[in-house]
Structure formats: structure tokens, C-alpha cells
Amino acid sequence: MTIPKPSEMKQTILDYLVKAKRPVKLSDLAEEVARHFKVTEEEQAERNPSGGKKFSNLVGSVVTALGKNGELRSTGHGFWEVSTTPPPPPPPLHLPTPTNSFREPLKSSPRM
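Residues numbered from 1 in each chain as written. Predicted model: local features only at pLDDT ≥ 70, side-chain atom pairs only at ≥ 80, totals over all residues. Heavy atoms only, no water.

Student: Go over the overall build of the protein chain, please, and point to the residues and values.
Tutor: Secondary structure assignment for the protein chain yields four helices and three strands. Listing each helix as α and each strand as β along the protein chain from the N terminus yields α-β-α-α-α-β-β. When the 112 residues of the protein chain are sorted by exposure, 23% land in the buried category. If you take every contact in the protein chain between residues at least 6 apart in sequence, the share linking residues at least 24 apart comes to 56%. For the protein chain, the exposed area adds up to about 8,600 Å²; of that, 57% sits on carbon and sulfur atoms. (Helix = DSSP H or I, 4+ residues; strand = E, 2+ residues; numbered from the N terminus. Buried < 20%, exposed > 50% of the residue type's maximum accessible area, 1.4 Å probe, protein only. Contact = heavy atoms within 4.5 Å. Areas by Shrake-Rupley, 256 points an atom, 1.4 Å probe, with all protein chains shown as cover.)

Student: Any chance you could break down the pairing of strand E2 (residues 72-76) for me, citing the residues and the numbers?
Tutor: Across four bridges, the pairing between E2 and strand E3 (residues 79-82) is antiparallel. Note that in E3 the partner of leucine 72 across the bridge is valine 82. Hairpin connection from E2 to E3: two residues lie between these consecutive antiparallel strands, with histidine 77 at a positive phi of about 55°. (Pairing = 2+ DSSP bridges.)

Student: Give a description of helix H2 (residues 26-36) that names residues and reports values.
Tutor: For H2, every residue scored as buried is listed here: Leu29, Ala30, Glu32, Val33 and Ala34. Lining the buried residues of H2 we find helix H1 (6-20), strand E1 (24-25), helix H3 (41-45), helix H4 (54-68) and E3. Phi for lysine 38, located one or two positions after H2, is positive at around 55°.

Student: Which residues make up the side chain of serine 83, and what are the values?
Tutor: Of note, serine 83 is situated in the segment after E3. Taking the relative accessible area as the measure of exposure, serine 83 reaches 18% and is therefore buried. Here glycine 70 takes part through its backbone oxygen, which lies 3.4 Å from a polar atom of the side chain of serine 83. If we ignore the near neighbours within four places in the chain, the residues touching serine 83 are Gly70, Glu71, Leu72 and Arg73. (Polar contact = N/O pair within 3.5 Å; in protein donor to acceptor, adjacent residues only side chain to side chain.)

Student: Go over the nonpolar core with me, naming the residues and quoting the values.
Tutor: Formed by 18 residues in total, the largest nonpolar core has its most connected members in Ile13, Phe55, Val59 and Leu72. Elements that contribute at least two residues to this core include exactly H1, H2 and H4. The greatest single-element share of this core, amounting to five residues, is contributed by H4. If we skip the residues at most four places from it in the chain, leucine 72 touches Ile13, Leu14, Leu17, Val63, Leu66, Gly67, Trp80, Glu81, Val82 and Ser83. (Core = buried A, V, L, I, M, F, W, Y, C linked by side-chain atoms within 4.5 Å.)

Student: I'd like a rundown of the packing of H1 against H2, residues and numbers included.
Tutor: Close contact between H1 and H2 brings their axes to 10 Å; oriented N to C, the two are set at 120°. On the basis of the axis angle, H1 is oblique to H2. Crossing angle aside, the handedness with which H1 passes H2 is right-handed. Counting all contacts with H1, which are made through Met9, Thr12, Ile13, Tyr16 and Leu17, the residues of H2 involved are Leu29, Glu32, Val33 and His36. Classifying every residue of the contact of H1 with H2 gives six nonpolar, two polar and one charged. (Axes fitted to C-alpha atoms, helices over the stretch in contact; angles between N-to-C directions. Parallel < 35°, antiparallel > 145°, perpendicular 65-115°, else oblique. Left-handed = near helix turned anticlockwise from the far one by under 90°. Nonpolar A, V, L, I, M, F, W, Y, C, P; charged D, E, K, R; others polar.)

Structure below.
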């Protein structure tokens, strides 16, 4: 089988961590994703030009993105778990009041 896309890995990672009920090491997450999607040993061993393993790096990128979204949290030293606190809401959007060149609020002009 081919290496799955990051969007396909996301739910598998979340499901595994929910079932584990404990922090899980990143390498164990990579093994679980490989098992779930039937990624071959050869595909897992494939290297980037920089020397890193493509598959492991991809799983790490997905986990990091889930962490930035607030869905996962790192417990340190490569261990991850499902976040128990929801991510904070985005800050409110404050737009400046439109002004004219004299810094006065714009007034509606009658249509001609």
C-alpha cells in the first residue's frame, strides 16, 4: 500500500490515543499508523534527501499539527496524549473605523 495522506492519518492517531488512555511515544504512533494502513517495511524505511525517514517525519508532522490545533498535547520527550482542554477561541476581530483624511468618521453622502 502507499503511504497515507496526512488527512487520512489524523483520525487514526486520535482514535489510538483515545483508546490508549495514556501518553504514547511518537514512534509507537508511527508503528500504529503503519499497521493500520498496511504500510510496508520498505515504505517505512524510505529516506528523505536529508537522511530522515519520510514516513516517521510525516507522522511527526501530523502529530505536531494536531498539537498546534489543541487536539493533542505533548507530555514531554516525544510522548503525546489527547488534550483534555479545548483550544482557546480565536481573539475577536476588531476592525478600525473608516475615516476620511481629517480623521473624522465618514458621513454618508446623498446619492445623486
